[in-house]
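Each chain, letter by letter, is given below.
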Amino acid sequence: MGGRIMSPHPSLPPQGGKEHLVNGYEMAVLVIADHDNAHLKPGVTNAVTAAGRMGSPITMLVAGHQCGAMAQAAAKIAGVAKVLLCDAPQYEGLLAENLAAL
């Protein structure tokens, strides 16, 4: 292989500085924050770390009811470029049926 680092997935380009480009287009990365309105779950930072390896700017979606503090906590995670906040009663409990429309 001549020292070339191959992409871990065939649909992703080889690593080497332009990982975030796929067929010349920037690839978007969205991480959905799992939380209980008091704390972000530990898997959130793990997901951000993994997403950061792709080289793209990371956007995090925080959904819930009265979850502004969780959006502020998400904004402090290294590697998160933007936080989207969806704060409404129907998002309480993070039910997949309610989040699907987002």
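Residues numbered from 1 in each chain as written. Predicted model: local features only at pLDDT ≥ 70, side-chain atom pairs only at ≥ 80, totals over all residues. Heavy atoms only, no water.

**Q** Talk me through unusual backbone geometry; I want residue IDs and the actual numbers.
**A** Located in the positive-phi region is Asn37, a residue other than glycine, with phi close to 70°. Mapped onto the fold, Asn37 is located in the loop between β3 (29-32) and α1 (42-52). At Gln66, a position not held by glycine, the phi torsion is positive, near 55°. Within the fold, Gln66 resides in the loop between β4 (58-64) and α2 (68-75). (Helix = DSSP H or I, 4+ residues; strand = E, 2+ residues; numbered from the N terminus.)

**Q** Can you explain a nonpolar patch on the surface? Please cite residues and give values.
**A** On the surface, Leu30, Ile32 and Leu84 cluster together to form a nonpolar patch covering roughly 280 Å² of accessible area. Looking at the secondary structure, you find Leu30 in strand β3. (Patch = residues over 30% accessible without salt bridge, like charges linked within 9 Å, V, L, I, M, F, W, Y side chains within 5 Å. Areas by Shrake-Rupley, 256 points an atom, 1.4 Å probe, with all protein chains shown as cover. Salt bridge = Lys/Arg side-chain N within 4 Å of Asp/Glu carboxyl O.)

**Q** Tell me about the sheet that holds β3, residues and numbers included.
**A** One open sheet accounts for 3 strands, arranged β3-β4-β5; its pairing is parallel. Every other strand in the sheet has two partners, leaving β3 and β5 (80-87) as the edge strands with one partner each. The mean inter-strand angle of the sheet, taken between neighbouring strand axes irrespective of direction, is 25°. Inspection of the sheet shows β4 paired to β5 by 7 bridges, in the parallel sense. The residue of β5 that forms the bridge with Thr59 is Lys82. Together, β3, β4 and β5 form the strand contacts of α1, whose direction differs from that of β4 by roughly 155°. Those strands touched by α2 are β4 and β5, and its axis lies near 170° from that of β5. (Pairing = 2+ DSSP bridges. Axes fitted to C-alpha atoms, helices over the stretch in contact; angles between N-to-C directions. Contact = heavy atoms within 4.5 Å.)

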